[in-house]
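Topology and contacts: notes
Letter by letter, the chains look like this.
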Amino acid sequence: GIMIFVVAQFFIGLVAFKSMKHYLTISKWNSLRDDLLMPSSQIRNGYLELYPFLSTNGKFLLDMGEHLADLGDMPKALKVFEESKKYYISSRTFSSTAEAYYQSGNIPAAIKNLEDLSNMIPSKFYPRYELVKLYYQSGDTLKGNQMARFILSMPVKKMSTEVCEIKKATEQILFDAMKGE
């Protein structure tokens, strides 16, 4: 009887210890994310320190990737973003990854991430608008024209100045493309 009690106490203690360690790790991550006065190098070191404990937490990886991208470390940021997508699927994950690929000059990978985002949330105008610009930038006028026409035909769920500006800019891009043919 006493042996079972001792073993049970041991496992309860172990679970409590792991829970406390996890709580402290998450708390440190939150302080890295929320402390606006902390120097970038200290934030970077904090993320690197927490990485072994949170390497399967997609939200943590996304935050870490965005921080690395803000610091201009695109190779590491892209590696972390791609890892993040294995654990956390969100519009922010794909848009941040697309932006990092774009900043790195990898337009095809940026396009792929924006296409994935557009398929994931088909009612959003902004990713499609970014695709139009990237298709034209990469010389794919056929896809650029198709996506521009698609945007102009999309129904508007909620009218906003952003949607109006996107539609107006898309009309201008398509007009300029047709004028150039």
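So, here is what we can say about the structure in this document. (Residues numbered from 1 in each chain as written. Predicted model: local features only at pLDDT ≥ 70, side-chain atom pairs only at ≥ 80, totals over all residues. Heavy atoms only, no water.)

With that settled, the discussion passes to the overall build of the protein. Assigned secondary structure in the protein consists of nine helices and zero strands. On C-alpha atoms alone, the protein measures out to a radius of gyration of 23 Å, which is more than a quarter above the 16 Å that the 2.2 N^0.38 rule sets for 181 residues. When the backbone C-alpha atoms are referred to their principal axes, the protein occupies close to 85 × 35 × 25 Å. In the protein, which comprises 181 residues, the proportion classed as buried is 37%. A separation threshold of at least 6 residues defines the contact pool for the protein, and within that pool the share at least 24 residues apart is 46%. Considering the protein, the positive charge centre built from 22 side chains and the negative charge centre built from 19 side chains are found 5 Å apart. (Helix = DSSP H or I, 4+ residues; strand = E, 2+ residues; numbered from the N terminus. Rg over C-alpha atoms; globule rule 2.2 N^0.38 Å. Buried < 20%, exposed > 50% of the residue type's maximum accessible area, 1.4 Å probe, protein only. Contact = heavy atoms within 4.5 Å. Lys, Arg positive; Asp, Glu negative; His and termini not counted. Charge placed at Lys NZ, Arg CZ, Asp CG, Glu CD.)

Here we take up the packing of aromatic side chains. Scanning all chains against the criterion turns up two aromatic pairs. Judged by centre distance (5.5 Å) and plane angle (45°), the rings of Y47 and F60 are tilted. Taken together, the positions of Y47 in helix α2 (residues 40-54) and F60 in helix α3 (residues 58-70) put the pair 13 residues apart, joining distant regions of the chain. An aromatic cluster is built from W29, Y47 and F60, whose rings are joined through pairwise contacts. Its guanidinium or amino end placed over the ring of W29, R33 lies 4.8 Å from that ring's centre, counting from NZ or CZ. (Phe/Tyr/Trp six-rings, centres within 6.5 Å; stacked < 30°, edge-to-face > 60°. Lys NZ or Arg CZ within 6 Å of the ring centre and 35° of its normal.)

So, on to helix α8 (residues 141-153). Between its first and last C-alpha, α8 extends 18 Å over 13 residues, near the 18 Å set by a 1.5 Å rise per residue. Of the surrounding elements, those touching the buried residues of α8 are α7 (126-137) and α9 (161-180). (Expected span 1.5 Å × (residues − 1).)

Another aspect to go through is helix α5 (residues 91-103). Over its 13 residues, α5 extends 18 Å from the first C-alpha to the last, a length consistent with the 18 Å expected when each residue adds 1.5 Å. Those residues of α5 that fall on the buried side of the exposure criterion are T93, F94, S96, T97, A98, A100 and Y101. Here the buried face of α5 lies against α3, α4 (74-84) and α6 (107-120). Just past α5, the residue G105 takes up positive phi, approximately 85°.

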